[in-house]
Structure formats: structure tokens, C-alpha cells
Amino acid sequence: MIHHKQQQASASSQSGFTIVESLVAILVASLLLAAIAPVIVLSVATRVQAKRIESATDAAKTYLDGVRSGVITAPSSPITDGTTIADYAPPTVGTLTCGTKTSPCTAPATNLYCVSVDGNDCTTTNINNFVIQAIRFNKATVTTGGTTTNITDPAKGYQLGIRVYRASGFSSDGGNLKKAPSKQPTFTGGTGDRKAPLIEMTTEVSTGATFSDFCERLKVTNPQSTCS
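In short, a report on the structure. Quick caveat, the model's predicted, so the values are computed rather than measured. (Residues numbered from 1 in each chain as written. Predicted model: local features only at pLDDT ≥ 70, side-chain atom pairs only at ≥ 80, totals over all residues. Heavy atoms only, no water.)

### As for the overall build of the chain
Step number 1: Counting its secondary structure elements, the chain contains two helices and eight strands.
Step number 2: The order of helices and strands in the chain, counted from the N terminus, is α-β-β-β-β-β-β-β-β-α.
Step number 3: Expressed as a percentage of its 228 residues, the buried residues of the chain come to 33%.
Step number 4: Sequence-distant contacts in the chain: of pairs separated by 6 or more residues, those separated by 24 or more amount to 61%.
Step number 5: As displayed, the chain offers around 13,900 Å² of accessible surface, 58% of which is attributable to carbon and sulfur atoms. (Helix = DSSP H or I, 4+ residues; strand = E, 2+ residues; numbered from the N terminus. Buried < 20%, exposed > 50% of the residue type's maximum accessible area, 1.4 Å probe, protein only. Contact = heavy atoms within 4.5 Å. Areas by Shrake-Rupley, 256 points an atom, 1.4 Å probe, with all protein chains shown as cover.)

### Side note on the state of the cysteines
Step number 1: Following the criterion strictly, the structure yields two disulfides and no others.
Step number 2: The side chain of Cys98 participates in a disulfide bridge whose partner is Cys105; the two sulfur atoms lie 2.0 Å from each other. Handedness here is read from the sign of the S-S torsion; for Cys98 and Cys105, about 85°, the answer is right-handed. For the pair formed by Cys98 and Cys105, the shared burial category is buried.
Step number 3: The disulfide that involves Cys114 links it to Cys122, with 2.0 Å between the sulfurs. Taking the sign of the S-S torsion, 80° for the link of Cys114 and Cys122, the bridge is right-handed.
Step number 4: What makes Cys114 buried here is its relative accessible area of 0%. (Disulfide = S-S within 2.5 Å.)

As C-alpha cells, this is what we get:
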């Protein structure tokens, strides 16, 4: 009698991750994400802020070109009491009334100019558009009726100070608008200080000015000048 030996195949064991191992892997991944998340947020915020400052610089240059070419009229409310551009007060907050899209503003001051980036009007709730504060100053003086004031005729040339603010900075919440030495940081982990100017610059506008006009301004800083 022949006996057949039946070999019983042993069940192959299937290896895999246990629940504990899976939980440990999830925990490690969560810790890594938590560690790099602040770096990612800081990087993105800094890039957005740098782009915002770059756009504000372009807006200031465009405005300056418009003033020099005569497309944009010279800013109103020139300095008449000898106040320097650096000491000129920033605009007040709480209201912002400008024309349609890119256009001059009438409140809170008439030396403000809206630069529309997104195609909408400048309002206190708009986070994309810019408002330029333009400050006109001629150092030369004129005496009329015993009163001495700075020359205000733009045709005689002047210094032009420009501060570029965010339109949303004109809202009443968050305090008043600022000026130098306060400025927007290019390295930030948030949205930056919307009350501080994105950029400030000072330049000369001499469209229509004559040599004698420059001499009058030079004599203010150098009384011994023989320029005439």
C-alpha cells in the first residue's frame, strides 16, 4: 500500500505597517510640516511685500513723469511757511475721496493722487491701489505787503516730495498715517505696516524754470552767492 504524503503549504505571512507605525509616521510628518510652515509663510509674505513696494515705486515714477510732462497738473497746496518736505505732515485718515480710478483726490487733501492698480477706485477698503501724497516746495521767498512767503508759482521750478501710501491705510482703524523715519519693511511675516509709506522720494521739477529762478533758490541756502 502506497502512502502519499500530503505536504501542507504553510500560509505565507504578509508583512505591512501596523497601526502604531502608521501613527508614528503621521506624527513625524506633522512635526516636519509644523517646522517648515513658518518659513513658507515668511517667504511668501516677504515676496508679496517686495512686489508691493516695487509697484509703489513704479506708481511714483509714473506720477513724476506725468507732472514733468504736464499731463498731470502740479500738486496743489504748496509749502508757504518754510516747512521742509521731511517735516510736512502726512494725510489725515477716516475719509478718502478720489475721482474714478487713476485721478486726483479731493479729500482728505487736494495734493493726493490715486493710482489704480486693479482698475477700481481708491477707497479706504481697497488693498491693492495706491495714493500718492505730493508735496511742492520752493525755497526761494517773496515779500508782499510786509509778509514773506515761499514762492508758489510752479513755473519757477520746485522740489517735489512724494510719499506713496496704500489706499487701505486711510481707514480710521489702526491709527494715523506715518512718515519717515517710519517705512514699510521689505522683510515681513505679515501684511506689513499699512500706515507707513511704501516709498518716499524727493526730486526737482524745473519745467519752465529759468536760470534766474534757480539763482533765487540758490541764494536761500548760500546768501553769498553771486548768481544772478
